[in-house]
Amino acid sequence: LPAQSTADSAGIRAAALDYIEGWYTGDAARMERALHPELAKRIVFTDSMGRQRLDQMGALTLIDRVRAGGGSRTPAERQQKDVTILDIYRGAASAKVVASDWVDYLQLARWQGRWVIVNVLWELKPRG
């Protein structure tokens, strides 16, 4: 790998970890650092009648939820934070974060010299 790819991988991993560890530790500054201000985090939600809707939150909502405690009540032994970089092309990348109760697919961009999360599509894990 060229040096740039190593640096990019490190920056992408750092953003993903700021995001998930910021959630678990209730560290709003870490979460904010990980996100582009215009982030869109979305999930396809299916209600009990089988109707689907696209639920969305932005960066401020996510940061506010972290500031309110976020995932800080998740016991340490349940705090799964497996990061896989799926692809990098120039200033765009995709990564996957497997967390305790959900899976996030992140789209990241190199923005003002560092990697930030622009979009997240996520799915809840089955309860069990």
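This report concerns the structure included in the present document. Because the structure is a prediction, the values reported are computed rather than measured. Every chain's residues receive numbers from 1 upward, in the order its sequence appears when written. With the structure being a predicted model, the display of local features is reserved for residues of pLDDT at least 70 and the display and counting of side-chain atom pairs for 80 or more, all residues being used for whole-chain, interface and lining totals. With hydrogens and water excluded, all non-hydrogen atoms of the structure serve as input to the side-chain values.

Moving on: helix α3 (residues 59–67). Of the positions making up α3, those classed as buried are A59, L62, I63 and V66. Viewed along the axis of α3, the buried residues span an arc of 100 degrees, placing them on a single side of the element. Only runs of H or I of at least four residues qualify as helices and only runs of E of at least two qualify as strands under DSSP, and these elements are numbered from the N terminus. Backbone geometry just downstream of α3 places G69 in the positive-phi region, at approximately 125 degrees. Categorising residues by exposure relies on relative accessible area from a 1.4 Å probe, with only protein chains included: less than 20% of the type maximum marks a residue as buried, more than 50% marks it as exposed, and the intermediate range marks it as partly exposed. The directions considered for the arc are those from the helix axis to the C-beta atoms.

Let us look at the packing of aromatic side chains. For any pair of aromatic rings, the description rests on two quantities: the centre-to-centre distance and the angle between the ring planes. Here is the rule: rings of Phe, Tyr and Trp (six-membered ring for Trp) pair when centre to centre is within 6.5 Å. Planes less than 30 degrees apart are stacked, more than 60 are edge-to-face, and the remainder are tilted. According to the stated counting rule, one finds 1 aromatic pair in the structure shown. Aromatic pair W23 and W102: ring centres 6.2 Å apart, planes at 85 degrees, arrangement edge-to-face. With a gap of 79 residues between them, W23 in helix α1 (residues 3–25) and W102 in strand β5 (residues 102–111) connect regions that are remote in the sequence. For the pair W23 and W102, a shared accessibility class is recorded, and that class is buried. In this scheme, the term charge over a ring applies when either NZ of a lysine or CZ of an arginine sits within 6 Å of the ring centre and within 35 degrees of the ring normal. Stacked on the ring of W122, the Lys or Arg K41 has its end atom at 4.8 Å from the ring centre.

As a further point, take the pairing of strand β1 (residues 35–46). Should DSSP find at least two bridges between two strands, the strands are regarded as paired. Examined bridge by bridge, β1 and strand β6 (residues 114–124) share 4 bridges and lie parallel to one another. When the sheet's bridge partners are listed, R42 is paired in β6 with L121. As paired strands, β1 and strand β2 (residues 52–58) are joined by 7 bridges and run antiparallel to one another. What sits directly across from R42, in β2, is Q56. Where β1 hands over to β2, the hairpin turn is made up of 5 residues, of which G50 adopts a positive phi near 85 degrees.

Moving on, we come to unusual backbone geometry. Despite not being glycine, R90 shows a phi value in the positive range, around 50 degrees. Structurally, the position occupied by R90 is in the loop between β3 (81–89) and β4 (92–99). The exposed category is assigned to R90, whose relative accessible area is 65%. The backbone of Q112 sits at a positive phi, close to 50 degrees, despite the residue not being glycine. Take Q112: its relative accessible area is 72%, and that puts it in the exposed class.

Function cannot be read off these values alone, since they describe shape.
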